[in-house]
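Understanding the architecture of this molecule
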Amino acid sequence: MAISSFFGSSRAVFFAAILLRAIFLAYGVLQDAYSPMKYTDIDYFVFTDAARFLSRAQSPYSRDTYRYTPLLAWLIYPTTWPGFWFSFGKVLFAAGDIITGWMMFRILRTYQNMSQERALKYASIWLLNPMVATISTRGSSEGLLGVFVTALLWAVLAKRVPLAGFLLGFAVHFKIYPFVYATSIIWWLDTDRTAPSRTNKAAAPPSPLSLLFKFATPQRIALAVYSLITFLGLNAVMYLVYGWPFLEHSYFYHLIRIDHRHNFSPYNTLLYLNSSPKEGTGFTAPSSIELERLAFLPQLLLSAVMIPLAIAKKDLSSTMLAQTFAFVTFNKVCTSQYFLWYMMFLPYYLPESTLLASRSTGITALALWVLGQVFWLQQGFQLEFNGRSTFVPGLWASSILFFLVNVGILGIIIRDVREKAPSTGEIKSPKKKV
């Protein structure tokens, strides 16, 4: 009864979500002050250092390892002010979590026809998730990304195509990976969602040109135009201000990055070898780097082409979950922050999923997902804190195990979406509670 009354009040849920983040923020200040193991993420120091360079009228790329849009450094510019403002960025990212959760709640109410209590329960997968709160309060910018991506989903479902195009272009500028959503959104934006007519069976098949004109609907053209104008416009401005370093560090760097620390990917060991090539050992870095570049092929083919074409018309939000899950699973760099990229779609998928319908399947999948990380972290701890070389077989084997677990979960998600009836794309009026 107490749980039911708690989720019956949106104020109670959102107050608890804000309080959770406030507690983590306060705890983080104490841990940073008194513990040798710091709470603040190293990336936050990169962000704040870049903002400090901006305050001195210098480029944010004067800070080594800053690989983001200058907009991020400008957003946390107040961290350069004296006093408690150093934590401004963390507060901003945590606030992004709350805004994302509020939009989730509204989407669940309006487009998945949920009661307020049920919508709050599923939105709490994000709002009251300690992992989400921890990552944002440690200084990761994923909370802001959640705002842009969730707003994009809402704009598409509401058929506000110009706004959706702007948000898509902005999100891709802010973080590259949301470009994979373009395929699923364009495929979903179909004015003709009715079953094909069975009349005129003897009619000649349509020509490729007529199919192209039928596909190029005004909505699809508008989405492409608005997103491209936004993306190219932002990049043009940043290039004019910051020059080649903007393109190099924000985009091209990701093609050759060899980050291996805290990387759950099976490519972890290869990236480590490439990060420290040795002369006279027969190790040939160029061929290995070429192999890493091939990692994009299965990743993009699966997340940006095959998955959206197969299931986007069934359920857009769940398709975006599957795309993100595939992108993170097959990415050559996979860290804990990336898990938030697909967690923001779980509230839309889980209500009708096998993972909840079958408790044994759901509990097993969750347990394996957690254990896969535990095994990897145990090997990583031995490497980084005890100085033991656990790359082979320890880290490599645990990375393969975690990869296989994620592939299995991805298969469940895709199967669930394929078994759904096609989406109508229409807004449903929320049912009144009786």
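Rules used throughout
Residues numbered from 1 in each chain as written. Predicted model: local features only at pLDDT ≥ 70, side-chain atom pairs only at ≥ 80, totals over all residues. Heavy atoms only, no water. UniProt positions renumbered as here; feature names shortened; annotations may be inferred. Salt bridge = Lys/Arg side-chain N within 4 Å of Asp/Glu carboxyl O. Helix = DSSP H or I, 4+ residues; strand = E, 2+ residues; numbered from the N terminus. Buried < 20%, exposed > 50% of the residue type's maximum accessible area, 1.4 Å probe, protein only. Phe/Tyr/Trp six-rings, centres within 6.5 Å; stacked < 30°, edge-to-face > 60°. Lys NZ or Arg CZ within 6 Å of the ring centre and 35° of its normal. Contact = heavy atoms within 4.5 Å. Polar contact = N/O pair within 3.5 Å; in protein donor to acceptor, adjacent residues only side chain to side chain.

As named in an unreviewed UniProt entry, the protein is GPI mannosyltransferase 1, taken from Trematosphaeria pertusa. Check the Sequence similarities (unreviewed entry) section of the UniProt entry for the protein; it says "Belongs to the PIGM family." Here the protein is described in UniProt, under the heading Subcellular location (unreviewed entry), as follows: "Endoplasmic reticulum membrane".

1. Some thoughts on the pattern of salt bridges
Charged atoms that come close allow side chains of opposite charge to pair. All told, the structure shown has 7 salt bridges when counted by the stated rule. Notably, a salt bridge pairs R21 with D97, separated by 3.3 Å at the nearest N-O pair. Within this pair, whereas R21 is found in helix α2 (residues 10-34), its partner D97 is found in helix α5 (residues 88-111), the two being separated by 76 residues in sequence. The burial state of R21 is the same as that of D97; both residues are buried. Note that E117 is salt-bridged to K121, the shortest N-O span being 3.5 Å.

2. What about unusual backbone geometry?
A positive phi angle, close to 60°, is found at N113, a residue other than glycine. Structurally, N113 is set in the loop between α5 and α6 (116-127). The backbone of K159 sits at a positive phi, close to 60°, despite the residue not being glycine. On the secondary structure map, K159 appears in the loop between α8 (142-157) and α9 (161-174). Classification of K159 by relative accessible area gives partly exposed; the value is 32%.

3. What about the packing of aromatic side chains?
Within this structure, the stated rule accounts for 37 aromatic pairs. Where F246 meets Y251, the ring centres are 5.7 Å apart and the plane angle is 85°; that geometry is what we call edge-to-face. An identical accessibility class is assigned to F246 and Y251; each is buried. With centroids separated by 5.9 Å and ring planes inclined at 55°, the aromatic side chains of F339 and F402 adopt a geometry described as tilted. Of this pair, F339 sits in helix α18 (residues 336-343) while F402 sits in helix α22 (residues 391-418), placing them 63 residues apart in sequence. The class for F339 is buried, based on a relative accessible area of 1%. What makes F402 buried here is its relative accessible area of 2%. Here a set of aromatic residues connected by ring pairs shows up, and it is made of Y44, F45, F47, Y61, Y66, Y68, F86, F93 and Y242. The ring centre of Y253 lies 4.0 Å from the NZ or CZ of R67, which sits over that ring. In this structure, K313 packs its charged tip against the face of W187, placed 4.6 Å from the ring centre.

4. Comments concerning the UniProt feature "transmembrane region" (unreviewed entry) in the protein
Mapped onto this numbering, the UniProt entry annotates "transmembrane region" (unreviewed entry) at residues 12-30, 84-105, 126-157, 163-189, 221-242, 324-344, 356-377 and 389-414. In residues 163-189, the share of helix is 74% and the share of strand is 0%. The end C-alpha atoms are 14 Å apart.

5. Some points on the environment of S115
By the element assignment, S115 lies in the loop between α5 and α6. Since its relative accessible area comes to 24%, S115 is described here as partly exposed. It is 9.5 Å that separates the C-alpha atoms of S115 and G8, two residues lying 107 residues apart in sequence.

6. Examining the environment of Y251
Among the structural elements, Y251 can be located in helix α13 (residues 244-256). Residue class for Y251 comes out buried when judged on its relative accessible area of 14%. Residues Y251 and T69, spaced 182 residues apart in sequence, show a C-alpha to C-alpha distance of 9.2 Å. Contacts of Y251, omitting those with residues within four sequence positions, involve V172, H173, I176, F231, N235 and F246. In this structure the side chain of Y251 is engaged in a polar contact, spanning 3.4 Å, whose partner is the side chain of H173.

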